[in-house]
Amino acid sequence: MVTIAERLNLAYARVEKAAQQRTDDLITEHPVTILAVSKTKPIELIEDAYAHGHRQFGESYVQEAVDKIILLKSKKDIEWHFIGPIQSNKSRLVAEHFNWVQSVDREKIARRLNEQRPTNLMPLNVLIQVNISADKNKSGCQLEILDELAEFIHNSRQLNLRGLMTITEQTNDKNKQLQYFQQMKACFDRLKDQYPQLDTLSMGMSGDLEPAIAAGATMVRIGTDIFGSRK
Ligand SMILES: *Cc1c(COP(=O)(O)O)cnc(C)c1O
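Residues numbered from 1 in each chain as written. Predicted model: local features only at pLDDT ≥ 70, side-chain atom pairs only at ≥ 80, totals over all residues. Heavy atoms only, no water.

## Here's the deal with the site of the ligand
Argument step 1. If you check the shell around the ligand, you find Val 37, Lys 39, Ser 60, Ile 83, Ile 167, Met 205, Ser 206, Arg 221, Ile 222, Gly 223, Thr 224 and Arg 230 and nothing else.
Argument step 2. At 2.9 Å, a backbone N or O of Gly 223 approaches an oxygen atom of the ligand.
Argument step 3. Within the side chain of Thr 224, a nitrogen or oxygen atom sits 2.5 Å from an oxygen atom of the ligand.
Argument step 4. When isolated, the ligand has an accessible area of 390 Å², and the protein chains bury 88% of it.
Argument step 5. Applying the majority rule of atoms within 2 Å of the grid points places the ligand in the largest pocket.
Argument step 6. Its residues assigned to classes, the shell around the ligand comprises 5 nonpolar, 4 polar and 3 charged. (Near = heavy atom within 4 Å. Polar contact = N/O pair within 3.5 Å; in protein donor to acceptor, adjacent residues only side chain to side chain. Areas by Shrake-Rupley, 256 points an atom, 1.4 Å probe, with all protein chains shown as cover. 1 Å grid on protein atoms, 1.4 Å probe; cavity = no way out; pocket = protein on both sides within 12 Å on 5 of 7 lines; lining within 4 Å. Sits in = over half its atoms within 2 Å of the grid points. Nonpolar A, V, L, I, M, F, W, Y, C, P; charged D, E, K, R; others polar.)

Written out as structure tokens, the structure reads:
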């Protein structure tokens, strides 16, 4: 059986290789962080990854995630990222338990997270999820409201705007995929001119991480390749 440690090492190597193939103007940018997406997977596998030195984990279902976070409370250096859709009635749990949230796509949710983030915790790190392919079935904000939402988050005391996230439309058209990622990078650079502290562009998953890294991703979210396929 292939262990989680071996799978993680393969993922590190794959990301490293893709990062080395980037063009010169990108090569000096931030190293690419791997978010290990552990949704639906048992806590033992997260512990295996932790024992191997991995610290960044992503979850998509609020209640499942909170249960795991509480069980793993003693591992204080885990960085928990919420990457799933956020319903209003679940925002408090996200605000109270996570270090990052990558899926903020509307002001209403940003406002709630800001109000609900306990003041004894560091501000919640936020990525705005952008629906770059304007896909009706995908969440994420439309480009037209991005600036307004970024400004709102920037002005929220308990939120720390760190960058952008996207999930692109499933397509076998490699050029189109690359174009979406390049459009995201352009949006990110434009916002960064305004908010120089932005440092995270989260895009690319097990199936499309090479084009995402080629375009300038600073974080890729890998589930299947690390933890195996999901039911
Ligand atoms: C599940 C999920 C992933 C991981 O996808 P894989 O294809 O299993 O690597 C990445 N990002 C988000 C937002 C997800 O929900």
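Let us keep going from here.
## What to know about the UniProt feature "modified residue: N6-(pyridoxal phosphate)lysine" (unreviewed entry) in the protein chain
Argument step 1. Here, UniProt's "modified residue: N6-(pyridoxal phosphate)lysine" (unreviewed entry) annotation points to Lys 39.
Argument step 2. Position of Lys 39 among the secondary structure elements: in the loop between strand S1 (33-37) and helix H3 (43-51).
Argument step 3. Looking at Lys 39, the relative accessible area reads 18%, which means it is buried. (UniProt positions renumbered as here; feature names shortened; annotations may be inferred. Helix = DSSP H or I, 4+ residues; strand = E, 2+ residues; numbered from the N terminus. Buried < 20%, exposed > 50% of the residue type's maximum accessible area, 1.4 Å probe, protein only.)

## What about the pairing of strand S3 (residues 79-82)?
Argument step 1. Two elements, strand S2 (residues 56-59) and S3, share 4 bridges in a ladder whose sense is parallel. The residue of S3 that forms the bridge with Glu 59 is Phe 82.
Argument step 2. Read as a crossover between parallel neighbours, the route from S2 over helix H4 (residues 62-71) to S3 is right-handed.
Argument step 3. Both S3 and strand S4 (residues 100-104) contribute to a ladder of 2 bridges, which runs parallel. If you follow Phe 82 over to S4, its bridge partner there is Val 101.
Argument step 4. Note that the unit made of S3, helix H5 (residues 91-97) and S4 has a crossover that is right-handed. (Pairing = 2+ DSSP bridges. Right-handed = clockwise from strand over helix to strand, strands pointing away.)

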